[in-house]
Amino acid sequence: MDCTALSLRRVAERVTLEAAEYLRDLPRPDVVAVSTKSSPTDVVSAADTAVEALLRHRLAELCPGDAVVGEEDGGAADTDTIWLVDPIDGTVNYVHGLPWYAVSVGAVRCGVPVAGAVAEPVSGRLWSAAVGAGATCDGRPLRVSAISDVALSVLGTGFSYRSQRRVGQARLVAALLPRVGDVRRTGSAALDMCSVAAGWLDAYLEHGTNWWDWAAAAVIAREAGAVVRVPGPPGAQPPDEEARTYSSSDIAGLGADAVFAAAPGIAADLAALARACGAAAV
Ligand code: IPD
Ligand code: CA
């Protein structure tokens, strides 16, 4: 077991819980008054900025010297341990009053996520994991589903804020939908991967997300037994594909910026299906 990863997990748990409590007490913004970022649908609220500032402040206190890269304020990935922070994953849900959103903090070493935590302000759930130490939700061990038939599987996915990218994503979903059990678009990549860890979803596949969306949840899914593939890290020398597919080469070829997590009983078949449906061209 990696003791460093364990202590990084404790830090991630502590700061995400604090941030989730803080976020819960902030007034929800008026949906028509929020600003936008990369596109008119990519909203950012004052809460996103305030929660990220709190996370940066607490990480600087607890882990001085570690780089922090965040969704709202960016940052350089120039230290051995990098913290990837998403103050609100599921911002669109948050501003619309849907309760499915979370604070996510992941620790990355040598380009690979090694520990992290995801805290939900509304339900109070805390998801966390460290490499080699398992994944838990509120202290209970997580395990992926035992499904073995892709045709019965429930697949989570998501869509870019850029409309052009959505065209390719819609094409892929249209091709997959008749061949899987069902598809969910919940609005939070982090919670989609936690849901794979819990066996609530059988798999998750999305293109074009950012490291802060899933750095924590990728460890949670992997430690719960999922077969996981993530893109190369921001600004650093990417580890090879094998290091990022963690446990199986059968899931390569899904596209450079694809994030994939699946129960082992369907991972290879689902990846093959997604390739056949054009995943690499999304
Ligand atoms: C978004 C969510 C969503 C995913 C998008 C992400 P945000 O993050 O994770 O589920 O489909 O790709 O950008 O904007 O809510 O932090
Ligand atoms: Ca996000």
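Look up: the structure comes first, before these words.
These figures come from a predicted structure and were not determined experimentally. (Residues numbered from 1 in each chain as written. Chains lettered and ligands numbered in written order. Predicted model: local features only at pLDDT ≥ 70, side-chain atom pairs only at ≥ 80, totals over all residues. Heavy atoms only, no water.)

Caption draft 1: The arrangement of the site of ligand 1 in detail. Taken together, 16 residues form the shell around ligand 1, and within it Asp-89, Gly-90, Thr-91, Tyr-161 and Glu-206 come nearest. Between ligand 1 and Gly-90, the relevant distance is 2.7 Å, taken from an oxygen atom to a main-chain nitrogen or oxygen of the residue. Between Ala-189 and ligand 1, the recorded distance is 2.8 Å, taken from a backbone N or O atom to an oxygen atom. A total of 380 Å² of accessible area belongs to ligand 1 in isolation, and the protein chains cover 95% of it. Spatially, ligand 1 is embedded in the largest pocket. With 3 residues, the top contributor of residues to the shell around ligand 1 is strand β4 (residues 81-89). Looking at the shell around ligand 1 residue by residue, the class counts come to 4 nonpolar, 6 polar and 6 charged. (Near = heavy atom within 4 Å. Polar contact = N/O pair within 3.5 Å; in protein donor to acceptor, adjacent residues only side chain to side chain. Areas by Shrake-Rupley, 256 points an atom, 1.4 Å probe, with all protein chains shown as cover. 1 Å grid on protein atoms, 1.4 Å probe; cavity = no way out; pocket = protein on both sides within 12 Å on 5 of 7 lines; lining within 4 Å. Sits in = over half its atoms within 2 Å of the grid points. Helix = DSSP H or I, 4+ residues; strand = E, 2+ residues; numbered from the N terminus. Nonpolar A, V, L, I, M, F, W, Y, C, P; charged D, E, K, R; others polar.)

Caption draft 2: Highlighting the side chain of Thr-91. Along the polypeptide, Thr-91 turns up in helix α3 (residues 91-96). By relative accessible area, Thr-91 is classed as buried at 5%. If we skip the residues at most four places from it in the chain, Thr-91 touches Val-43 and Asp-48. (Buried < 20%, exposed > 50% of the residue type's maximum accessible area, 1.4 Å probe, protein only. Contact = heavy atoms within 4.5 Å.)

Caption draft 3: Local environment of the layout of surface pockets. Within this model, the largest pocket holds a volume of roughly 590 Å³. Taken together, 30 residues form the lining of the largest pocket, with Glu-71, Phe-159, Tyr-161, Glu-206 and Asp-213 sitting closest to its centre. When contributions to the lining of the largest pocket are tallied by element, the ones reaching two or more residues are β4, α3, α4 (163-176), α5 (189-198) and α6 (211-223). (Points joined across faces, edges and corners; volume = space filled by probe spheres on them.)

Caption draft 4: The arrangement of the sheet that holds strand β14 (residues 258-262) in detail. Read across the open sheet, the 5 strands follow the order β11-β10-β12-β14-β13; overall the sheet is mixed. Every interior strand has two partners, whereas the edge strands, β11 (182-184) and β13 (227-229), have only one. Averaged over all neighbouring strand pairs, the angle between strand axes comes to 15°, with direction disregarded. Lying over the sheet, α4 contacts β10 (154-156), β11 and β12 (203-207), oriented at roughly 150° with respect to β12. (Pairing = 2+ DSSP bridges. Axes fitted to C-alpha atoms, helices over the stretch in contact; angles between N-to-C directions.)

Caption draft 5: Expanded view of the pattern of salt bridges. Throughout the structure, instances matching the rule amount to 9 salt bridges. In this structure, Glu-52 and Arg-56 form a salt bridge, with 2.9 Å as the shortest nitrogen-oxygen distance. Highlighted residues: Glu-52 and Arg-56, both in helix α2 (residues 46-62), separated by 4 residues, approximately one helical turn. Since its relative accessible area comes to 0%, Glu-52 is described here as buried. One salt bridge in this structure joins Asp-182 and Arg-184, with 3.3 Å as the shortest N-O distance. Exposure remark for Asp-182: the relative accessible area of 31% places this residue in the partly exposed category. (Salt bridge = Lys/Arg side-chain N within 4 Å of Asp/Glu carboxyl O.)

Caption draft 6: Spatial organisation of the packing of aromatic side chains. Following the criterion strictly, the structure yields 3 aromatic pairs and no others. Summarising the aromatic geometry, the rings of Trp-127 and Trp-200 are spaced 5.3 Å apart at their centres and angled 80° between planes, so their arrangement reads as edge-to-face. Of this pair, Trp-127 sits in strand β7 (residues 126-130) while Trp-200 sits in the loop between α5 and β12, and the two are 73 residues apart along the sequence. A relative accessible area of 48% means that Trp-200 is categorised as partly exposed. Ring centres of Trp-211 and Trp-214 lie 4.7 Å apart, and the angle between their planes is 50°; on these two criteria the pair is classed as tilted. With Trp-211 and Trp-214 both in helix α6, this residue pair falls 3 residues apart, about one helical turn. For the pair formed by Trp-211 and Trp-214, the shared burial category is buried. (Phe/Tyr/Trp six-rings, centres within 6.5 Å; stacked < 30°, edge-to-face > 60°.)

Caption draft 7: Quick peek at helix α8 (residues 267-276). All buried positions along α8 are accounted for by Ala-267, Leu-270, Ala-271, Leu-273 and Ala-274. Projected onto a plane normal to the axis of α8, the buried residues spread over an arc of 160° and lie on a single side. Packing partners of the buried residues in α8 comprise β10, α4, β12, β13 and β14. Trailing α8 by a residue or two, Gly-278 shows a phi angle of about 95°, which is positive. (Arc of directions from axis to C-beta.)

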